[in-house]
Structure formats: C-alpha cells, structure tokens
Amino acid sequence: MSRLVRFLLITALIFSLAACAAPPAPAAGPLTAVRLPVGYIPNVQFAPLYVAIEKGYYREAGIDLSLDYSFETDAVALTGANQLPFAVVSGEQVLLARAQGLPLVYVMNWYQNFPVGVSAKADSGILQPADLKGKRIGTPVLYGASYIGLRALLEAGGLKESDITLDTIGYNQVEALSVDQEQAVVVYVANEPVQLQAKGIVVNTLHVSDYLPMVGNGLITNETTLRENPDLVRRMVAATLRGLADTRANPDEAYQISMKYVENLKAEDAVQRQVLKASIELWGDERLGDSDPQAWENMHDLLVRMGLLQKALDWQAAFSNDYLPEP
C-alpha cells in the first residue's frame, strides 16, 4: 500500500471517529408565526423591533415575527380573546380590559417613563400643571394614554377637566400649536416636541412621569398563553429585550436598520434621529423590561378616580416580571 493511500485512509478514519464522537447538531424546529400589533404607523420609535427582526433574534427564539400597525383597541380585543398571543399596548389598556373580563397580562415594560405630556409655547406661561387652568388644550383623542396622561397632569395641578377647554384635534398637534389654534397640546414627549423644535418653535413640555409615575407601552399576552405556552412568552420577551438593548447601545445602527421599515425616514433624518434619542431616554435606566408595582397602583387608582374603572381591581394580577430573563 502506498504512503498516499495509507495517508488518505487514516485521514478518513480520523474524520469518521470525530463525527461519531461529536454530538449531533440540533434539528431546526418549525418557527412559531407571531403577528404583533403595535398600535401605530411604522415609526423609528419601533427601532428595537426592527433590530431584533433584522439581527435574527426572533428567529433564534423560534419565532417568525410580523408587525401589524393596527389600532390599539383592536389589539386589546384580539389578544384578550386569545386570537393573537401578543400585542404592544399602554398599561391602562390592560386594566380597562381586565375590568371587562379580558384576561390580559403585561409581561414586559418597554417605556418605564410614561411617554405622554402637554406641550405649550415657551412664552405661554405654562410651566407647571396648575398653569393649565383656563387654557384651550388640544388632545388627539378622548381615550387611551393621551387622555389618561392629561387627566393625571390636571389632577397634579389641582384641576378638573371643567377648568380647561378641551378640543379633540386628532394627531394634528404640531400644526394646531404652530398656528395658535390651541394654547397647549397633549403629545408623546419623544415625538411632537421634537418636531416643534425643528420648526423653530420653542416649547415647554410637562411630562406626566415627573408628577405621577404610571405604566407606559409594553408587551402584553393573555392568561391562556401564559398557562399553555409560557416558554413562548419567555422567548418573545427575551428576543424583544435583545433588540431594545442593542438599540440603546448603538442607536446609529438601529436608525440605519429602521430605514428599511419606515418610509421617508431619510428625508427627515435630523428630526427622526432626535425622536429615537428621546424615545431611548423614556425606556428608563433600571432593569430593562421590569414593571414597577407602584406605577401600576398609581395608574389603577387614577382610573378609579376618573370613573373609568367602576370598582377596584386586583391590579397586581395585571402584570408579571416572571417572564424576564435572569439578570
């Protein structure tokens, strides 16, 4: 037998033994399709989701994620009825839904600082909630986080809704304040104030979170999913938090990724980069994903005082930190 043939036989034997000794590679299982309602149009504020999709974090977690830009109320109903496993909604929606018998549970806090506020021109004299008395204020809608946030600020200033003139203006806050149609407008503090500043309009913004910590947007599921598929919940939370952490660590990269998902983002580059920066600041500095029980109690008690909850609920059943990754 020639040396070459002997070498080839020995080499083949070595590779054969190594293959037998090595554990088999795990078979890739089927992905679970998840449609995630986010409650708003494509926007750079959803950068963590875009990052987690593009970097394959959901697929690594066994999830084939698609985004649904439906209204928040639809997402609440569908998730509560277990027609969808997850949605992104604001905390007050969970409490209001549970009061109607929809078994929603909030499992990941995205915005640890409640993202709503009231903006007014700097020369308006509106520097604190009490200064809203007698003012004409525009709000997008008379429900949801915008309205709840306004009521929290009024209460912080010792005011009632009857102490102001309240107009429903749709999502037209920038225009309404620019032309003095309204003396103040209810805003998402990472969005409209940035747009107003870009127009050269100097504003003061009262942040709800400075006066009453409450629960902002986060990931919800339902009790059926928690009972029947808790592992899916953990994987969904973990993948989303990876996108959140990456966006915080590298916002420029996240912004570039978002261009694939948000139309005309490059055309508004300077403003939208500031929107992303302001959004990141709202996610908080504590453990990502963690819910603060005090914020839940504050929100619950406000809803009771507003009459939106007819009776007290077990607010502690509305959220869980048990599905977050180990610190």
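Residues numbered from 1 in each chain as written. Predicted model: local features only at pLDDT ≥ 70, side-chain atom pairs only at ≥ 80, totals over all residues. Heavy atoms only, no water.

- The protein chain goes by ABC-type nitrate/sulfonate/bicarbonate transport system, periplasmic component in an unreviewed UniProt entry, where it is assigned to Levilinea saccharolytica.

## Looking at the sheet that holds strand 5 (residues 116-121)
Step number 1: Strands sit in the order 7-6-8-5-9 across an open sheet of five strands; the sheet is mixed. In this open sheet, the two strands that pair with only one neighbour each are strand 7 (165-168) and strand 9 (203-207). Averaged over all adjacent pairs, the angle separating strand axes in this sheet is 30°, with direction ignored.
Step number 2: Here strand 6 (residues 136-139) runs beside strand 8 (residues 184-188); their pairing, made up of two bridges, is parallel. The residue bridging Gly138 from the neighbouring strand is Val185, located in strand 8. (Pairing = 2+ DSSP bridges. Helix = DSSP H or I, 4+ residues; strand = E, 2+ residues; numbered from the N terminus. Axes fitted to C-alpha atoms, helices over the stretch in contact; angles between N-to-C directions.)

## Details of the packing of aromatic side chains
Step number 1: Under the defined criterion, the tally for this structure stands at eight aromatic pairs.
Step number 2: With centroids separated by 5.3 Å and ring planes inclined at 5°, the aromatic side chains of Trp296 and Phe319 adopt a geometry described as stacked. Placement of the pair is Trp296 in helix 13 (residues 293-306) and Phe319 in the segment after helix 13, with a sequence separation of 23 residues. Neither residue differs from the other here; Trp296 and Phe319 are each classed as buried.
Step number 3: Members of the aromatic cluster, connected to one another through ring pairs, are Phe46, Tyr69, Trp110, Tyr111 and Trp283. (Phe/Tyr/Trp six-rings, centres within 6.5 Å; stacked < 30°, edge-to-face > 60°. Buried < 20%, exposed > 50% of the residue type's maximum accessible area, 1.4 Å probe, protein only.)

## Digging into the pattern of salt bridges
Step number 1: Across all of its chains, the model carries 14 salt bridges by this definition.
Step number 2: With a shortest N-O distance of 2.9 Å, Glu253 and Lys55 are connected by a salt bridge. Of this pair, Glu253 sits in helix 11 (residues 251-258) while Lys55 sits in the loop between helix 2 (47-54) and helix 3 (57-60), and the two are 198 residues apart along the sequence.
Step number 3: One salt bridge connects Asp269 with Arg273, and the closest N-O pair in it is separated by 3.0 Å. Taken together, the positions of Asp269 and Arg273, both in helix 12 (residues 269-282) and four residues apart, correspond to about one turn of that helix.
Step number 4: The exposure class of Asp269 is partly exposed, given its relative accessible area of 25%.
Step number 5: Here the salt bridges share partners, and the residues they tie into one network are Lys55, Asp246 and Glu253. (Salt bridge = Lys/Arg side-chain N within 4 Å of Asp/Glu carboxyl O.)

## Observations concerning the domain arrangement of the protein chain
Step number 1: Split by domain assignment, the protein chain resolves into domain 1 (32-114 + 215-306) and domain 2 (116-210).
Step number 2: One C-alpha centre belongs to domain 1, the other to domain 2, and the line joining them spans 24 Å.
Step number 3: With both chains or domains summed, domain 1 and domain 2 bury close to 1500 Å², and 70% of this area falls on carbon and sulfur atoms.
Step number 4: Looking only at domain 1, the three residues that lose the most surface to domain 2 are Phe114, Leu302 and Met306, adding up to 39% of its buried area.
Step number 5: Where domain 1 meets domain 2, there are one salt bridge.
Step number 6: Across the pair Glu155 and Arg305 runs a salt bridge, and its minimum N-O distance is 2.5 Å.
Step number 7: For the interface between domain 1 and domain 2, the tally reads three residue pairs in polar contact (both at pLDDT 80 or more).
Step number 8: Secondary structure elements with two or more residues in the side of domain 1 that touches domain 2: helix 5 (91-99), helix 12 and helix 13.
Step number 9: In terms of residues, the side of domain 1 that touches domain 2 owes the most to one element, helix 12, which gives six residues. (Domains from an automatic or database assignment. Buried area = accessible area lost by both parts, 1.4 Å probe. Polar contact = N/O pair within 3.5 Å; in protein donor to acceptor, adjacent residues only side chain to side chain.)

## Quick notes on the sheet that holds strand 3 (residues 87-90)
Step number 1: With respect to topology, three strands assemble into an open sheet ordered 3-10-4, the strand pairing being antiparallel. Each edge of the open sheet is held by one strand with a lone partner, namely strand 3 and strand 4 (104-109). On average, adjacent strands in this sheet sit at an angle of 50° to one another, irrespective of strand direction.
Step number 2: With five bridges connecting them, strand 4 and strand 10 (residues 217-222) associate as antiparallel partners. Counterpart to Leu104 in the pairing with strand 10 is Asn222.

## Some details on the packing of helix 11 against helix 12
Step number 1: Where helix 11 meets helix 12, the axes come as close as 11 Å, and the angle between the chain directions of the two elements is 125°. Regarding the angle of helix 11 to helix 12, the classification is oblique. By crossing handedness, the relation of helix 11 to helix 12 is classed as right-handed. Contacts between helix 11 and helix 12 involve Pro251, Asp252, Tyr255 and Gln256 from the former and Asp269, Gln272, Arg273, Leu276 and Ile280 from the latter. (Parallel < 35°, antiparallel > 145°, perpendicular 65-115°, else oblique. Left-handed = near helix turned anticlockwise from the far one by under 90°. Contact = heavy atoms within 4.5 Å.)

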